[in-house]
Amino acid sequence: MERIYRKDYRPSEFLIDTIDLLFELDPAETIVKTKMQLRRNPQAEAATGQLLLHGDELELRAVWLDGARLDGGRFEADAQSLRIHDVPDRFELAMEVAIRPSENTKLMGLYTSSGTFCTQCEAEGFRRITYSLDRPDVMARFAARIEADRAKYPVLLSNGNRVAAGELPGGRHWVQWEDPFPKPSYLFALVAGDLVSHEGAFTTSSGREVALEIWVEPANSDKCEHALASLRAAMRWDEERYGLEYDLDVYMIVAVDDFNMGAMENKGLNVFNSKYVLAKPSTATDDDYEGIEGVVAHEYFHNWTGNRVTCRDWFQLTLKEGLTVFRDQEFSADMTSPAVQRIKDVTRLRTAQFAEDAGPLAHPIRPESYIEMNNFYTATVYEKGAEVVRLYQTLLGREGFRKGLRRYLERHDGCAATCDDFRQAMADANDVDLSQLERWYAQAGTPVVRASGAWDEAAGTYALTLAQSQRVFADEPKPRPLCIPIRVGLVGAEGEDIPGTDRTLELSEDEQTFTFENVRERPVPSIARGFSAPIRLEIERGRDELAFLMAHDSEPFNRWEAGQTFSKGVLLELVGRDLEGGELELDPALVHAFRKVLSDARLDGSIKALTLSLPSEELLSQELSPVHPDAVHRARSFVVRELGAALREDWMSTYAQNSRGTDAIDKAQVARRRLKNRALRYLVALEEPDTIALAVEQFRTATSMTDYEAAYSTLIDLDSPETDRATAEFYERWRGEPLVLDKWFRIQAMSSSPGAFERVVALSHHPDFNLANPNRARSLLFAFASGNPVAFHRPDGEAYRFVADRVVELDAINPQVASRIVSSFNQWKRFEPSRASSMKAELERIASRPGISKDVMEIVERAVER
């Protein structure tokens with residue numbers, strides 16, 4: 001397998017000015033006719049006289065150079081490449097290829113989904129449509145003529161603006177699309193099918209009218225309004241926040257059921273996983289609604305940060321993805337609650353990315369090499385990349401960041417840029433030196449910051465010492481100190497910030513001491529407020545201090561953080577006691593802290609629900625070496641039951657008080673449902689007849705999917721007749737709704753009941769389980785392997801073997817999805833020896849299989865060898 005290195009980047013020897021495509025659509029065999037205008041790149045190295053184009057599983061029918069058909073002596077072709085000899089400095093190249101969309105189970109390139117043609121070209125899917133210079137730094141203007149059977153495919157869509165249409169013999173028709181903006185091939189899109197449009201409009205700040213169209217299957221036409229409203233909100237927000245206006249006459253979204261990713265930002269024609277478009281209260285939860293809003297915004301924001309300015313090469317992926325994730329996080333914070341959004345974003349980062357940083361696949365946000373690019377669409381590139389972008393805003397302020405972003409877009413509009421270009425634009429716009437931030441792009445691992453403080457009562461000063469360290473990797477240079485902004489506040493005895501102490505400190509050396517003046521009382525430091533940098537903070541704190549911050553910290557994220565740290569300390573202590581065979585007892589201080597949160601009228605329901613959530617088993621396991629998943633599960637389950645029992649009347653009162661409301665998707669009702677359902681989870685954990693009855697009644701009477709799913713999620717952890725009845729009722733009610741049925745598979749896959757593994761095995765043979773559908777595969781296999789530690793890590797290793805077998809089976813169908821699922825084995829070295837040995841054996845068995853894809857092989861080899 002060839003490894004590609006960032007250091008080997010060279011500009012393309014040729015550039016493409018225009019690409020004209022003609023598609024003769026047929027599921028069994030589609031003919032693609034391509035005409036390109038090419039010229040030598042004056043910025044490239046000495047010419048070779050040859051043109052090498054990328055391909056993948058293409059059947060070449062003919063090639064023409066400047067109108068003359070070439071014979072076999074002028075070119076060499078196979079399914080993966082086309083090499084043409086003796087080409088001039090400027091020329092027209094035409095090709096005809098055949099592809100087979102209905103057989104394309106990889107879902108890259110042109111494929112069919114439920115009778116609809118659609119494309120996915122990022123990162124290297126366009127080469128599965130036609131031979132081309134399929135790299136992001138080659139940008140061309142595209143035109144596409146699509147021909148198809150009118151009865152089967154009445155709607156024909158592509159990028160840009162629709163400029164012409166007509167009829168053809170034999171009941172076929174055609175539509176011509178032209179995109180006036182140059183773009184790389186990964187942004188090309190085509191959709192053809194029997195679809196209907198949910199339409200709207202948006203008037204830009206300059207007064208232009210933009211048509212908005214959301215294309216779905218007719219049966220889903222009543223589930224589009226929220227996506228449309230989210231799109232309008234994103235367009236307005238980007239104008240108001242950054243002065244960025246949409247640039248085409250129409251903006252289209254298409255929802256498809258078979259899609260490897262969440263969505264794709266193709267210029268003017270976004271193709272979405274239907275999960276991130278379709279919603280109404282009876283079928284989508286509050287989290288689904290917020291997820292749709294965030295993903296719609298993310299793909300829209302790519303119009304500028306990704307499309308108008310794209311990345312020079314795939315090593316720069318975080319340039320567009322980290323930046324755009326940051327933008328969608330800021331948007332979601334403004335649309336919902338800044339504190340809630342920050343907590344959700346950081347929880348996601350810690351669960352997925354911190355584990356990635358600590359494991360064998362750790363890599364910088366700008367990787368130095370890859371074998372399969374699809375393997376680097378990671379939490380590091382996306383979520384940590386967003387946190388690195390946030391550093392600029394923390395250091396420069398919101399207005400300084402806006403100035404820098406505008407400078408970056410103006411300087412590189414219509415070009416392919418690098419992470420260095422972004423950093424330089426930020427520095428130039430604000431006249432500052434940001435060179436040390438380059439290290440965040442080059443160094444892997446999560447930095448650790450150790451904090452210690454000393455109060456000098458006589459001098460009225462407080463000295464805070466911060467020291468940073470980083471993971472050291474074999475055969476790599478010692479990491480250099482990072483620039484880490486640490487936002488700090490000092491809290492006084494009455495729970496108020498001491499005036500003048502809310503500051504952002506810049507830790508740029510291995511160790512620095514910062515002194516606060518006029519501190520006349522012993523302070524409690526609140527450090528890394530708002531999670532001001534993607535670090536692990538280490539500081540010695542007693543539980544009394546954590547409880548104090550949990551009750552009084554004025555910064556809502558850090559107030560939540562204090563509660564998580566308090567709970568984590570209690571839980572880890574209990575894990576140790578369990579391993580020693582000791583009796584488990586809950587610290588009453590945790591009960592008291594939870595009661596204070598429940599009774600605090602200043603907190604809304606969403607913040608309360610998050611603060612009253614315990615750290616997950618996955619997060620707790622990150623603190624242990626070796627990991628004993630059974631002990632972690634027993635300790636956490638014990639604390640849930642004890643908190644349920646100790647606060648039973650409080651939970652009952654909270655549940656009753658928050659059971660009255662509507663199904664509206666607004667902040668107040670969402671907060672009410674979150675708190676109510678948090679209380680329900682603690683109550684059902686008691687496994688008492690009257691608390692189980694609450695969940696059964698909510699399951700049977702709920703009119704919102706949020707309450708319905710919450711009730712079922714509590715029941716599924718029980719080994720009871722109520723669970724079996726609810727499972728059967730859920731399936732019968734929703735068997736015709738694929739996205740809701742995905743929930744049914746996922747919730748069962750994550751059950752902590754004793755028979756969870758056997759249930760998952762049975763579900764893998766269920767008539768509605770389809771391994772070839774990414775959503776369904778993820779809802780069962782990925783949910784089980786990554787979200788059910790106690791069942792996946794059962795001591796006999798049978799779950800490892802089951803998942804490994806499914807990975808091998810899926811790899812032959814869709815390597816990209818298979819590589820995501822096999823990543824569940826990545827942390828094998830951190831587990832106790834028996835489990836570690838079993839996981840390693842399954843990785844080695846997968847690697848030994850003949851014909852395993854490079855997608856899966858790269859993950860497996862790095863997991864075993866590093």
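For the structure given in this document, a descriptive report is provided here. No experiment lies behind these values; they were computed from the predicted model shown.

Criteria and thresholds
Residues numbered from 1 in each chain as written. Predicted model: local features only at pLDDT ≥ 70, side-chain atom pairs only at ≥ 80, totals over all residues. Heavy atoms only, no water. Helix = DSSP H or I, 4+ residues; strand = E, 2+ residues; numbered from the N terminus. Contact = heavy atoms within 4.5 Å. Lys, Arg positive; Asp, Glu negative; His and termini not counted. Charge placed at Lys NZ, Arg CZ, Asp CG, Glu CD. Buried < 20%, exposed > 50% of the residue type's maximum accessible area, 1.4 Å probe, protein only. Arc of directions from axis to C-beta. Pairing = 2+ DSSP bridges. Axes fitted to C-alpha atoms, helices over the stretch in contact; angles between N-to-C directions. Parallel < 35°, antiparallel > 145°, perpendicular 65-115°, else oblique. Left-handed = near helix turned anticlockwise from the far one by under 90°. Nonpolar A, V, L, I, M, F, W, Y, C, P; charged D, E, K, R; others polar. Disulfide = S-S within 2.5 Å. Phe/Tyr/Trp six-rings, centres within 6.5 Å; stacked < 30°, edge-to-face > 60°. Lys NZ or Arg CZ within 6 Å of the ring centre and 35° of its normal.

1. Side note on the overall build of the protein
Then, number 1: Along its length, the protein carries 26 helices and 32 strands.
Then, number 2: In terms of its C-alpha atoms, the protein occupies a principal-axis envelope of roughly 85 × 65 × 60 Å.
Then, number 3: Here the analysis covers contacts within the protein between residues at least 6 apart in sequence; of these, 70% occur between residues at least 24 apart.
Then, number 4: When the 105 positive and 139 negative side-chain charges of the protein are each reduced to one mean point, those points stand 1 Å apart.

2. Section: helix α20 (residues 756-763)
Then, number 1: Those residues of α20 that sit buried are A756, F757, V760 and L763. Taken around the axis of α20, the buried residues stretch over an arc of 125°, which confines them to a single face.
Then, number 2: Tucked into the core, α20 has its buried residues touching α19 (738-749), α21 (774-787), α22 (789-792) and α23 (798-811).

3. As for the sheet that holds strand β18 (residues 196-203)
Strand-to-strand pairing in sheets goes through backbone hydrogen bonds, with the strands running parallel or antiparallel.
Then, number 1: The strand order β18-β19-β20-β22-β21 describes an open sheet built from five strands, whose pairing is mixed. The open sheet has two free edges, formed respectively by β18 and β21 (263-264), since each of these has just one partner strand.
Then, number 2: Bridge count between β18 and strand β19 (residues 209-216): eight bridges; the pairing is antiparallel. Bridge pairing in β19 links G200 to L212.
Then, number 3: Against the sheet, helix α1 (residues 225-242) makes contact with β18, β19 and β20 (250-256), and its axis sits at roughly 25° relative to β18, the strand it touches most.
Then, number 4: Running over the sheet, helix α2 (residues 286-301) touches β20, β21 and β22 (269-273) and is turned about 150° from β22.

4. What about the packing of helix α24 (residues 815-822) against helix α26 (residues 854-865)?
The packing of two helices is summarised by the inter-axis angle and the distance between the axes.
Then, number 1: α26 packs onto α24 with a crossing angle of 20° between their chain directions and a minimal axis gap of 8 Å. Accordingly, the angle class assigned to the pair α24 and α26 is roughly parallel. Judged by the twist between their axes, the crossing of α24 over α26 is right-handed. Counted together, P815, Q816, A818, S819 and V822 of α24 and D855, V856, I859 and V860 of α26 form the full contact between these two elements.
Then, number 2: Residue classes in the contact of α24 with α26 are distributed as six nonpolar, two polar and one charged.

5. Brief notes about the state of the cysteines
Then, number 1: A complete count under the given rule lists zero disulfides for this structure.
Then, number 2: No disulfide involves C419; its sulfur sits 8.6 Å from the nearest other cysteine sulfur, which is in C311.

6. Concerning the packing of aromatic side chains
Each pair of aromatic rings is reported with the distance of its centres and the angle of its planes.
Then, number 1: Following the criterion strictly, the structure yields 41 aromatic pairs and no others.
Then, number 2: Between Y708 and W734, the aromatic rings sit 6.2 Å apart at their centres with planes inclined by 75°, giving edge-to-face as the arrangement. Of this pair, Y708 sits in helix α17 (residues 705-715) while W734 sits in helix α18 (residues 721-734), placing them 26 residues apart in sequence.
Then, number 3: In this arrangement the basic side chain of R145 is found over the ring face of W174, its NZ or CZ atom lying 4.2 Å from the centre.
Then, number 4: A cation sits over an aromatic face here: R503 above F516, 4.4 Å from the ring centre.

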